[in-house]
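Examination of the molecular architecture
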Protein chains: 4
Amino acid sequence: MSDKKPLNIGLVGYGFMGRTHSNGYKRVNDFFGDLEYRPVLKAVCGRTQDKAQAFADQWGYESVETDWKKLVARADIDAIDICTPNDQHAEVAIAAAKAGKMVLCEKPLARTAAESEPMVAAVEEAKVPNTVWYNYRRVPAVTLAKQIVDSGKLGKIFHYRANFLQDWTISADLPQGGAGLWRLDAAAAGSGVTGDLLAHCIDTAIWLNGSIKDVSAMTETFIKERVHTATGEKQAVTIDDACLFHCHFANGSLGLFESTRYARGHKALYTFEINGEHASIRWDLHDLNRLEYFDHSDDSIVRGWRTVHITDGDQPYMGHWWVPGLCIGYEHTFVHQVADFLKSLSTGEPCRPTFRDALETARVCDAVLASAAERAWKNV
Amino acid sequence: MSDKKPLNIGLVGYGFMGRTHSNGYKRVNDFFGDLEYRPVLKAVCGRTQDKAQAFADQWGYESVETDWKKLVARADIDAIDICTPNDQHAEVAIAAAKAGKMVLCEKPLARTAAESEPMVAAVEEAKVPNTVWYNYRRVPAVTLAKQIVDSGKLGKIFHYRANFLQDWTISADLPQGGAGLWRLDAAAAGSGVTGDLLAHCIDTAIWLNGSIKDVSAMTETFIKERVHTATGEKQAVTIDDACLFHCHFANGSLGLFESTRYARGHKALYTFEINGEHASIRWDLHDLNRLEYFDHSDDSIVRGWRTVHITDGDQPYMGHWWVPGLCIGYEHTFVHQVADFLKSLSTGEPCRPTFRDALETARVCDAVLASAAERAWKNV
Amino acid sequence: MSDKKPLNIGLVGYGFMGRTHSNGYKRVNDFFGDLEYRPVLKAVCGRTQDKAQAFADQWGYESVETDWKKLVARADIDAIDICTPNDQHAEVAIAAAKAGKMVLCEKPLARTAAESEPMVAAVEEAKVPNTVWYNYRRVPAVTLAKQIVDSGKLGKIFHYRANFLQDWTISADLPQGGAGLWRLDAAAAGSGVTGDLLAHCIDTAIWLNGSIKDVSAMTETFIKERVHTATGEKQAVTIDDACLFHCHFANGSLGLFESTRYARGHKALYTFEINGEHASIRWDLHDLNRLEYFDHSDDSIVRGWRTVHITDGDQPYMGHWWVPGLCIGYEHTFVHQVADFLKSLSTGEPCRPTFRDALETARVCDAVLASAAERAWKNV
Amino acid sequence: MSDKKPLNIGLVGYGFMGRTHSNGYKRVNDFFGDLEYRPVLKAVCGRTQDKAQAFADQWGYESVETDWKKLVARADIDAIDICTPNDQHAEVAIAAAKAGKMVLCEKPLARTAAESEPMVAAVEEAKVPNTVWYNYRRVPAVTLAKQIVDSGKLGKIFHYRANFLQDWTISADLPQGGAGLWRLDAAAAGSGVTGDLLAHCIDTAIWLNGSIKDVSAMTETFIKERVHTATGEKQAVTIDDACLFHCHFANGSLGLFESTRYARGHKALYTFEINGEHASIRWDLHDLNRLEYFDHSDDSIVRGWRTVHITDGDQPYMGHWWVPGLCIGYEHTFVHQVADFLKSLSTGEPCRPTFRDALETARVCDAVLASAAERAWKNV
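Every value quoted in this text rests on a predicted model; they were computed, and no experiment measured them.

Glancing now at the interface of chain C and chain D. On the chain D side, the residues contacting the 29 residues of chain C number 29 residues. Take the side of chain C that touches chain D: its biggest share by element is 4 residues, from strand β12 (residues 254-260) of chain C. Split into classes, the residues belonging to the side of chain C that touches chain D amount to 14 nonpolar, 10 polar and 5 charged.

Looking now at the relation of the copies chain C and chain D. Once chain C is rotated about the relating axis by 180 degrees and shifted along it by 0.0 Å, it coincides with chain D to within an RMSD of 0.0 Å. Both copies are brought into coincidence by an operation consistent with a two-fold rotation axis. Identified as the residue of chain C closest to the rotation axis by C-alpha distance is Ala 376 of chain C, at 3.1 Å. Interface residue correspondence from chain C to chain D reaches 100%, placing this contact among same-surface, isologous pairings.

All names here are of chain D. A sheet is described by the order of its strands in space; here 6 strands give the open sequence β3-β2-β1-β4-β5-β6, paired in parallel fashion. Of all the strands in the sheet, just β3 (63-65) and β6 (130-132) have a single pairing partner and so form its edges. Sheet twist, expressed as the average angle between the axes of neighbouring strands with direction ignored, equals 25 degrees.

To continue, consider the confidence of the model for chain A. When pLDDT is averaged along chain A, the result is 97; 99% of the residues meet or exceed 70. Of the two predicted TM-score estimates for the complex, the pTM is 0.97 and the ipTM is 0.97.

On to the pairing of strand β2 (residues 37-45) of chain A. Residues and elements named next belong to chain A. Across 8 bridges, the pairing between strand β1 (residues 5-12) and β2 is parallel. Following the sheet pairing, Ile 9 is matched in β2 by Leu 41. With helix α1 (residues 16-31) bridging β1 and the parallel β2, this β-α-β connection has right-handed handedness. Pairing geometry for β2 and strand β3 (residues 63-65), over 3 bridges, is parallel. Within the sheet, the bridge partner assigned to Val 44 lies in β3 and is Val 64. In the classification by handedness, the crossover that spans β2, the intervening helix α2 (residues 49-59) and the parallel β3 is right-handed.

It takes a turn of 180 degrees to lay chain D on chain A, together with a shift of 0.0 Å along the axis; the resulting RMSD is 0.0 Å. Comparing contact sets, 100% of the residues at the interface of chain D also lie at the interface in chain A, consistent with an isologous, same-surface contact.

Our next topic: the interface of chain D and chain A. Listed per partner, the contact involves 27 residues of chain D and 27 residues of chain A. Elements represented by at least two residues in the side of chain D that touches chain A include exactly α1 (16-31) and α2 (49-59) of chain D. A per-class count over the side of chain D that touches chain A returns 12 nonpolar, 9 polar and 6 charged.

Moving on, we get to the domain arrangement of chain A. All names here are of chain A. Under the domain assignment, chain A is made up of domain 1 (5-135) and domain 2 (137-379). Across the boundary between the two partners, domain 1 contributes 38 residues, which contact 39 residues of domain 2. Looking at the side of domain 1 that touches domain 2, the elements with two or more residues in it are α1, β2, α5 (113-126) and β6 (130-132). For the side of domain 1 that touches domain 2, the element with the most residues is α1, which contributes 8 residues. Within the side of domain 1 that touches domain 2, the residues separate by chemical class into 21 nonpolar, 11 polar and 6 charged.

Residues and elements named next belong to chain A. For the pair helix α6 (residues 140-151) and helix α8 (residues 193-209), interaxial distance at closest approach is 9 Å and the crossing angle is 30 degrees. The angle between the axes of α6 and α8 places the two elements in the roughly parallel class. Between α6, through Val 142, Ala 145, Lys 146 and Val 149, and α8, the contact on the second element is made entirely by Thr 204, Trp 207 and Leu 208. Its residues placed into classes, the contact of α6 with α8 shows 5 nonpolar, 1 polar and 1 charged.

This brings us to the packing of α1 of chain A against helix α9 (residues 332-347) of chain A. Residues and elements named next belong to chain A. In contact at an axis separation of 8 Å, α1 and α9 are set at 65 degrees when each is read in the N-to-C sense. Judged by the inter-axis angle, α1 sits roughly perpendicular to α9. For the crossing formed where α1 meets α9, the hand is right-handed. Across from Thr 20, His 21, Asn 23, Gly 24, Tyr 25, Arg 27, Val 28 and Phe 31 in α1, the residues of α9 making contact are Phe 334, Val 335, Gln 337, Val 338, Ala 339 and Leu 342. The residue makeup of the contact of α1 with α9, split by class, is 8 nonpolar, 5 polar and 1 charged.

Time to look at α5 of chain A. The end-to-end C-alpha separation of α5 of chain A is 20 Å, in line with the 20 Å expected for 14 residues at 1.5 Å each. Considering only its buried residues, α5 of chain A is in contact with α4 (89-98), β5 (102-105), β6 and α10 (355-374) of chain A.

Residue and element names in this part refer to chain D. In this structure, Val 128 sits in the loop between α5 (113-126) and β6. Sequence separation of Val 128 and Asn 23 is 105 residues, and the distance between their C-alpha atoms is 23 Å. When near neighbours in sequence (up to four residues on either side) are disregarded, Val 128 contacts Ala 97, Gly 100, Lys 101, Met 102, Val 103 and Val 123.

Turning next to the nonpolar core. Ala 93 and Val 103 of chain A together with Ala 93, Val 103, Leu 198 and Val 368 of chain B are the most contacted members of the largest nonpolar core, which totals 253 residues. Contact partners of Val 103 of chain A, with chain neighbours within four places excluded, come to Ile 80, Ile 82, Ala 93, Ala 96, Ala 97, Val 123, Val 128 and Asn 130 of chain A. Grouped together as the second largest cluster of nonpolar side chains are 251 residues, Ile 77, Val 92, Trp 207 and Ile 274 of chain D included.

What follows covers the pairing of strand β1 (residues 5-12) of chain D. Note: β1 of chain D against strand β4 (residues 79-82) of chain D, 4 bridges, orientation parallel. Bridging across to β4 of chain D, Leu 11 of chain D finds its partner in Asp 81 of chain D.

A separate point is the environment of Lys 98 of chain D. Counting through the fold element by element, Lys 98 of chain D comes out in helix α4 (residues 89-98). The class of Lys 98 of chain D is partly exposed, set by 14 C-beta atoms lying within 10 Å.

What follows deals with helix α5 (residues 113-126) of chain B. Three- or four-residue spacings in an α-helix give side chains the same orientation, since the helix completes a turn every 3.6 residues. Those residues of α5 of chain B that fall on the buried side of the exposure criterion are Ala 113, Ser 116, Met 119, Val 120, Ala 122 and Val 123 of chain B. Looking one or two places after α5 of chain B, you find Lys 127 of chain B, whose phi comes out positive at around 55 degrees.

Cut-offs used in this document
- Residues numbered from 1 in each chain as written.
- Chains lettered and ligands numbered in written order.
- Predicted model: local features only at pLDDT ≥ 70, side-chain atom pairs only at ≥ 80, totals over all residues.
- Contact = placed C-beta atoms within 7 Å.
- Helix = DSSP H or I, 4+ residues; strand = E, 2+ residues; numbered from the N terminus.
- Nonpolar A, V, L, I, M, F, W, Y, C, P; charged D, E, K, R; others polar.
- Least-squares fit on C-alpha atoms with pLDDT ≥ 70 in both.
- Pairing = 2+ DSSP bridges.
- Axes fitted to C-alpha atoms, helices over the stretch in contact; angles between N-to-C directions.
- pLDDT = per-residue confidence, 0-100.
- Right-handed = clockwise from strand over helix to strand, strands pointing away.
- Domains from an automatic or database assignment.
- Parallel < 35°, antiparallel > 145°, perpendicular 65-115°, else oblique.
- Left-handed = near helix turned anticlockwise from the far one by under 90°.
- Expected span 1.5 Å × (residues − 1).
- Core = buried A, V, L, I, M, F, W, Y, C linked by C-beta atoms within 7 Å.
- Buried ≥ 20, exposed ≤ 12 C-beta atoms within 10 Å, placed from the backbone.

What follows is the structure, encoded as structure tokens:
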């Protein structure tokens, strides 16, 4: 380890995503032995000194800041990692880029495309390495899906469908706002399931199937009022509880997307399926180590969907982990993204999705919300 | 058998559906021993004498007609069963009703709602028993789903989603028109997957979840020209190869529907899922003996989707078949519909879905096609 | 139909198996149009006149007998079909063969190999067509498994495992003996799960994987006493509730078999799996339309178990039924066996499994029971 | 972290298991924040200086030893963790215990029960904390199974079945002996699949279902000779490639176990199922985040196997990881065992399985191998 170049990380925010990213930094060199860099947990920044310190103690950050501007100004920080609620992404990211820091930003890039654009401009102007944590691209089965698509095995694509179904907000007693619940407050989150869940589906879809041209959407807010933790009062719920849309991809295929937090029985069911002329692919986050694959060129009498256990050394990323048959989990996607980010520093290639990539997703999200609001098709 | 009342059937058409219906008539009394009536295969009608005769010989029809008007006029026929392409449904059904015959019509009722309306008027004016063969209602698992919904166990419904995915028309070499392929010709079929496949999904959805208020749809015809079997020439394909729509149900839930014949890997994948406040239900035609059920009131540590093998005597229709664990298949749905139709003659209750029920489905289909054509939301 | 040769059936017994066989006879010509013969339901025989008459009325048998000897003596009967409890198989079958009748016998052939041997001798001496209703061979997926094995695709076989798990006798309140419950009485049944369930597994195994050389078994009777319906008294339970064994096949592979009626949650879970050098196969009666297939020669990154929906026209028997994706069920296996039996009359080839084939299964069952009793390996 | 008590680890061996254990030590305090202790990677010991140093560099061990005796003698080491091939377990463990070190030993405890006994005596005499890495007990789904069994929900147990199926040694070209392949050499491993794979199944079985009384087994070595890496010569293969046995548990239930490395299509398929009077449980390592559960007390019409996604905070260990729906993987079992071991140091309770627990598993393995060798039932 001693001969590896240190990369000093300054983490802003220490919630759920603060943990996933920190774990990524701490695990990466154990499993990806050939990297040139090693992340150093230099500082974590949070408004509440005690909590930030407790996080630093648990995860091993060397220091604590309570003002992100101070963190950004520190000379001993190479990269700013943004794990705050969405409404703070832009300000921090732009300042970090201007300060010449690399920027790793939790998804979605910001609340809207308009808010995202200056972020893209900032990192591109500053020419700093940047990436957005659309982590599901780096589930090995999803990365393999990308390889299969790129190989041309599917032929012409006819259909792409994805959904992200949860059920954790069905109770009317759940408040909005505050730690863990800012996702129910559009002021902080920008939108509801569209930015939180569909953004993942859209990022993967664009990666696998190319650009989306136009969309027709509907949204719904099933529970109209919830107590806000900031005020203790019942307030109008401003987010979308559910969002559905269909669309045309630039390649002529049809897309169908759905997301909700009211699908009883589903915890975090992100699934997608691609139907091509010659083959099809399916994946499901609840069984993330599996990829389902149908190849029409198989002998007809024994042709069927294959359930492929993506745990072999010749499958993406898996040579770094265990032996065939032994599963990895959710958090490994962040380790993979750290590994790829570190590699990108050596190669000079961007670590996708970049801020620019994430802007395209933001534009689709905006079009989706506009379409739902106006009950009309919208071009992206 | 000898003490059962005969019900003399006149079948119009002897294609795929002619076989399923005939099998229903022939099996019903073997397995439903307590019926008052027994179907008698009195006559089959088809334009081509030889083929109709061959069908009659194989299935045991007593006589053959080549003109459906003669069949309708026969005094020894009690019920006319219509298995022709869709463009002939209306004329035959109206004439049959006027002649005082019971009418059993293959789905969809006709090519459009406009064409369906006089059919409804005819059977209602003539007060003749009538039913439409939306057979999937009578898969035991689907009937059980209806019972569960009606029991109130699901609570408020948030989501209904269904799809019907096939892959048999992907080849550009497949012609349109003619035996078995009239489904690719809008003149005969009315529409493509909308009337052929989505109509099933819509019928079930209305039955389980109530009326659909408005729809936003898109359709696509992937292969623009196919040789027509009637002319031997390449002609424009007039049907929809794929159709997707979202909608509002009258009960406030959101609907999502998709159908295509270009989903590589799926033969006849009709699935639906209902998400309620307290419980959810899923079903899949490829595994028709199973119902998946999620009950949130289960103890949280062992709560999960149940895969219920619907083969026990206390589950709908299954007391008439074998013993627990032993599957039934597709054709049994038709036996069940015959049994229910015969029962309805004894009770005087309608055998749902009636022509009027099927008209509602036709109206949704029309709204879907109009929405896709005009790229706008349409009320049903 | 009129030009087909009639085959006059005399059915002995009208219980569960009487229904499955009768259904087979009645459906076969509807779906297998090219057969030379057509079964005629000439007579059903049962001890109780009323019940036999009721069965005849429901299923359409032309006449009723209450003494099987009279049935066997009738000149207008071509084939005797035996659906009685196991203890009556031998006497009826031998008399039928001696009378020159074809014999179709429900499985197992008899209670023991010793009881089966004169049955084999009788049909072979009389040179009458004979078959035993090990119906699961004719599930299309199982027949396809046989074709795959015979093709050599699996290479050298290492493992064969099968089980047949039920849960219907767990209650201590269930009596033994009498209608439907004679299977719990060794005097009538010969054995418990060994003859009832494992016999199916063994028949399939020998068919797919060749002879079994030696066995090591254990049995258990969990509930030691049950009320006997004949006496109303609690009596010792004489059957095996569960039976497990491992074995060597002649081809060098290892076998593992288990059957029980105490596996809570399983209704009729008959599964088998074959592991070969190059490929493997799995099947499950609860999902009988599916075959699972693993082919090691698939490209490694997308290699996985295929779930093949056996409903296409090029898969065994399925060209006679519906269209791809549409399931068939349990009862179709009997239709298939009738079809194959009728074909065998035309070709002169035996309809497997013959009485001789079933004797081999009986010998394995005997060895299994002896091994369990003596706690020692037994050669077959 | 600074206020936690250090526990200085000395690791012997740095192969596959060295990685899993090291990862456990490094992650535990990140996710289990309330522990009193923190592991310190003090030293790793391996015969080859370069390789040991490389491992130490990658994983962050402070020092390297090439002689395990020196490691055991070091005053700055609190606990010896043994990850060597099985033939070296006993010597190291006994010396470590005598030196007053805690001992954590990779499974199986040793090659035989005879070799294991003095190990148990040593740790018990020295009164040092000890544990054996039968890690699968700590898959959350398996731990939950234990809780369900202990709750009495299953009622009387009738059946326990388990298998561990792999396919990685089918090629005759694979050599035996040497790094990664010592498992194919009985001198190093003690046995083949019995000690490597079945030992896991037996450990879980005893934990969940109590003691095994007697066994009847068979083993097979499919490939009789392989090149030995030590000699470069073809030598007799001394291990069992496959092992099957049935048994009686002390509670009266029947056990069925199978393991092989010749089951084409299975990578590391460890599954078990328990059938009780009232409920049943199933689990599968390939889908380790799921537990299948059948509860007979469910309403009969919606009764079925539940597939429970074990990722909620109220399920074992999962409160320490992410949010519902997000999977964990194989390596987490080792983190859990480290956490439990550290907790045991605070509570003074043993961390099961202890050496004594593992001795019982060794005795079953010995009985299994003896039964297979002698073709006779063996008491444990």
